[in-house]
Amino acid sequence: QVQLVESGGGLVQAGGSLRLSCAASGSVFSINAMGWFRQALGKQRELVASITRRGTTNYADSVKGRFTISRDNANNIIYLQMNTLKPEDTAVYYCYAYNGTYIWGQGTQVTVSS
């Protein structure tokens, strides 16, 4: 089994930055990809960013150029550097790992004030 622990959310003013972390433990050898979804109040869940075991990254159009996903392979940690944050980035961010199915972190609230 895989366990995910997220951190790094918080309250920031528009234009500011936050860095999310997600640490995987357990059966990490089974993980093919990791990343974050987010869900804003009253909105559908949206894939924000992902990174595969090979290092291929993918971003939602809404965050491309502002967010960067990276990894620390030795410690099974991924990071989401979020720059130039906008109020519309406000959401609960859920880290995931994919090993044929989705495994979820506990979620972390990101709130961007205008």
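Coordinates for the structure precede this section.
These numbers come from a predicted model, not from an experiment.

Undergrad: Can you break down the overall build of the protein chain residue by residue, with the values?
TA: Along its length, the protein chain carries 0 helices and 11 strands. Helices (α) and strands (β) of the protein chain occur, in sequence order from the N terminus, as β-β-β-β-β-β-β-β-β-β-β. What you see for the protein chain is a C-alpha radius of gyration of 13 Å, in line with the 13 Å of a compact globule of 114 residues. Principal-axis analysis of the C-alpha atoms places the extent of the protein chain at approximately 40 × 25 × 20 Å. Taking all 114 residues of the protein chain together, 40% fall into the buried category. In the protein chain, the share of contacts with a sequence separation of at least 24, taken over all contacts with a separation of at least 6, comes to 52%. Accessible surface for the protein chain amounts to roughly 6,100 Å². Of this, 48% is attributable to carbon and sulfur atoms.

Undergrad: Help me get a handle on the pairing of strand E11 (residues 108–113), residues and values and all.
TA: Burial of E11 is one-sided: the residues Thr108, Val110 and Val112 facing one way are buried, the residues Gln109, Thr111 and Ser113 facing the other way are not. Taken together, the 4 bridges between strand E2 (residues 10–13) and E11 define a ladder with parallel strand orientation. Bridging from a neighbouring strand, glutamine 13 pairs with serine 113 of E11. As paired elements, strand E9 (residues 91–98) and E11 share 3 bridges and run antiparallel to each other. The residue of E11 that forms the bridge with tyrosine 93 is threonine 108.

Undergrad: Could you give an account of the state of the cysteines, naming the residues involved and the relevant values?
TA: Here a disulfide denotes one covalent bond, and it connects the sulfur atoms of two cysteines. Evaluation of the coordinates by the stated rule reveals 1 disulfide. One disulfide in the model links cysteine 22 with cysteine 95; its S-S distance is 1.9 Å. Across the S-S bond of cysteine 22 and cysteine 95 the torsion is about -90°, and the bridge reads as left-handed. Here cysteine 95 lies in strand E9 and cysteine 22 lies in strand E3 (residues 18–26), a separation of 73 residues in the sequence. Cysteine 95 carries the same exposure label as cysteine 22, and that label is buried.

Undergrad: Describe the nonpolar core, and please don't skip the residues or the numbers.
TA: Leu4, Met34, Trp36, Leu80, Met82 and Tyr93 are the most contacted members of the largest nonpolar core, which totals 29 residues. Only strand E1 (2–7), E3, strand E4 (33–39), strand E5 (46–52), strand E7 (67–72), strand E8 (77–82), E9 and E11 provide two or more residues apiece to this core. Not counting chain neighbours up to four residues away, the residues in contact with tyrosine 93 comprise Glu6, Leu20, Trp36, Phe37, Arg38, Val48, Phe67, Leu80, Met82, Gly107, Thr108 and Val110.

Undergrad: Let's hear about the sheet that holds E1: which residues, and what values?
TA: Sheet architecture is open: 4 strands sit in the order E1-E3-E8-E7, paired in antiparallel fashion. At either end of the open sheet lies a strand with only one pairing partner, and these are E1 and E7. Between one strand axis and the next, the sheet turns by 15° as a mean value, whatever way the strands run. With 6 bridges joining them, E3 and E8 adopt antiparallel strand pairing. Directly across from leucine 20, in E8, lies its bridge partner leucine 80.

The rules behind these values
Residues numbered from 1 in each chain as written. Predicted model: local features only at pLDDT ≥ 70, side-chain atom pairs only at ≥ 80, totals over all residues. Heavy atoms only, no water. Helix = DSSP H or I, 4+ residues; strand = E, 2+ residues; numbered from the N terminus. Rg over C-alpha atoms; globule rule 2.2 N^0.38 Å. Buried < 20%, exposed > 50% of the residue type's maximum accessible area, 1.4 Å probe, protein only. Contact = heavy atoms within 4.5 Å. Areas by Shrake-Rupley, 256 points an atom, 1.4 Å probe, with all protein chains shown as cover. Pairing = 2+ DSSP bridges. Disulfide = S-S within 2.5 Å. Core = buried A, V, L, I, M, F, W, Y, C linked by side-chain atoms within 4.5 Å. Axes fitted to C-alpha atoms, helices over the stretch in contact; angles between N-to-C directions.

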